[in-house]
Amino acid sequence: MIFVTVGSDIPFNRLLKAVDGWARDNKRRDVFAQIGRGGWEPGFIPFATMLEPAEFRERLSACRLVVGHAGMGTILSALQCSKPILVMPRRGPLGETRNDHQMDTARQLQAMGRVNVAFDETELFDHLDRMEELLPKEPIAPFAEPELIRTLHDFIHHRTRQ
Amino acid sequence: MISTTALMSGKRPKVLAISSGGGHWIQLLRLRPAFEGCKVVYATVKDGYRVDVGEEADFRVIRNANRWSKTDLIRSALGIIALILSVRPDVVITTGAAPGYFAVRIGKLLGARVVWLDSVANAGELSMSGRKAGSFVDLWLTQWPHLARDKGPACHGSVL
């Protein structure tokens, strides 16, 4: 399965229309999307507006590839499950989110080798056509970096670090 | 002060770990080892997230808000005032967004020590709430080294 998720707050029609069209053209019956509230509804691929956290996790752990917006909920969920992830950032200028921060997130995490990025629909189709090349990235640790954990722990217990 | 009393009496510090949903919540969960030895109250915007912390954890649901709806913002803020008055945390930690901002603001007013950890999503600039929180939080953190400043947020690693 390909699991498509665009978060829950704001629709991301550009991504959904692209994936829906791709699935129809390629007769792919193995695509499912969580589309969020108030957006365009796909005509070909099955979808849910919102999944409860438990079902979201089930869909995620069963899929072969996660396709999503460049939101950290989507990205961290995929990384924690060691799933390959392909993101298309929402664009501020297109009204898909309040600013262009998803472009920054996508660029930085791509540079760190954490995610595959499609910056537009053409790149998205290219990646989807060659999806067997999208492999899981190195699994991430279950928790934050030790230095961050230590910093917070020391702060809570009134110890300051130099 | 609550925290000094707690320390002197050898009690475990009480931490309120609070955020909105989605990525903010997942990032908050990835900080859990930092709360070892503490009494932790988790608060977020959906009851469905309870499974993430387990049945035995102290888990509260708060009303979500974003800055586009004034009514929601006010309701969310009132709920958070009630939450903080009932929990009386020594420390409030948040990864954002709007509910987290209210929690550190109100927590600070009510005598807690407060931490803002800006979301890892903000890789190009600090979030707007993150910038505002900087003026009063006790520990102000970004997750990106290139956004750390001498008089601005510090970077001590990320949730990744």
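Everything numeric here is computed off the predicted structure, so don't read it as measured data.

Caption draft 1: A look at the overall build of chain B. Check the secondary structure of chain B and you find 6 helices and 7 strands. Each helix and strand of chain B, ordered N terminal to C terminal, gives the series α-β-α-β-α-β-α-β-α-β-α-β-β. Based on the C-alpha atoms only, the size of chain B along its principal axes is roughly 40 × 35 × 30 Å. Looking at the 160 residues of chain B, the share that counts as buried comes to 49%. Considering only intrachain contacts with a sequence separation of at least 6, the fraction spanning at least 24 residues in chain B is 51%.

Caption draft 2: Looking closely at the sheet that holds strand S1 (residues 14–18) of chain B. Residues and elements named next belong to chain B. One open sheet accounts for 7 strands, arranged S3-S2-S1-S4-S5-S6-S7; its pairing is parallel. The open sheet terminates on both sides in strands that have one partner only, identified here as strand S3 (58–61) and strand S7 (154–155). Docked against the sheet, helix H4 (residues 70–87) engages S1, strand S2 (39–44) and S3, running at close to 160 degrees with respect to S1.

Caption draft 3: Representation of the interface of chain B and chain A within the structure. Contacts between the two partners involve 32 residues from chain B and, on the opposite side, 28 residues from chain A. At the level of elements, helix H2 (23–29) and strand S4 (91–94) of chain B are the ones that each hand at least two residues to the side of chain B that touches chain A. Counted by class, the side of chain B that touches chain A contains 19 nonpolar, 10 polar and 3 charged residues.

Thresholds applied
Residues numbered from 1 in each chain as written. Chains lettered and ligands numbered in written order. Predicted model: local features only at pLDDT ≥ 70, side-chain atom pairs only at ≥ 80, totals over all residues. Helix = DSSP H or I, 4+ residues; strand = E, 2+ residues; numbered from the N terminus. Buried ≥ 20, exposed ≤ 12 C-beta atoms within 10 Å, placed from the backbone. Contact = placed C-beta atoms within 7 Å. Pairing = 2+ DSSP bridges. Axes fitted to C-alpha atoms, helices over the stretch in contact; angles between N-to-C directions. Nonpolar A, V, L, I, M, F, W, Y, C, P; charged D, E, K, R; others polar.

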